[in-house]
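So you can see what is in the structure, the chains are spelled out below.
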Amino acid sequence: MEYIEGGSLGTLCKRTIFPESLIKLYILQILQGLDYLHKQNIVHRDIKGLNVLLTKEGKIKIADFGVAVNIN
């Protein structure tokens, strides 16, 4: 598994107030990731701040596919 040095958004939200422009960027990336998964017929089923990781470059990674299902 890839090491994501930025931590989870759930943890960061407790320590940081994000500007609206950054929130928009993060939400867009999350939605793009979910769109990709849904096109692959995968449903994550556990999207929350602790399962959304942030790289040091500001890229979002969706994690913890323990309860994900393939709907085929």
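Since the model is a prediction, treat every value here as computed from it, not as a measurement.

Q: Teacher, can you tell me more about the confidence of the model for the protein chain here?
A: As a general rule, the predicted coordinates of low-pLDDT regions are not to be interpreted in detail. Across the protein chain, the average pLDDT comes to 95, with 100% of residues at or above 70. At the low end of the mean pLDDT range in the protein chain sits helix 1 (residues 9-15), at 94; at the high end sits strand 1 (residues 42-43), at 98.

Q: Would you explain the packing of aromatic side chains in this entry?
A: The way to describe two aromatic rings as a pair is by their centre distance and the angle between their planes. Overall, the coordinates contain one aromatic pair when judged by the stated rule. Aromatic pair F18 and Y26: ring centres 5.7 Å apart, planes at 85°, arrangement edge-to-face. With respect to class, F18 is no different from Y26; both count as buried.

Reading the values: the criteria
- Residues numbered from 1 in each chain as written.
- Predicted model: local features only at pLDDT ≥ 70, side-chain atom pairs only at ≥ 80, totals over all residues.
- Heavy atoms only, no water.
- pLDDT = per-residue confidence, 0-100.
- Helix = DSSP H or I, 4+ residues; strand = E, 2+ residues; numbered from the N terminus.
- Phe/Tyr/Trp six-rings, centres within 6.5 Å; stacked < 30°, edge-to-face > 60°.
- Buried < 20%, exposed > 50% of the residue type's maximum accessible area, 1.4 Å probe, protein only.

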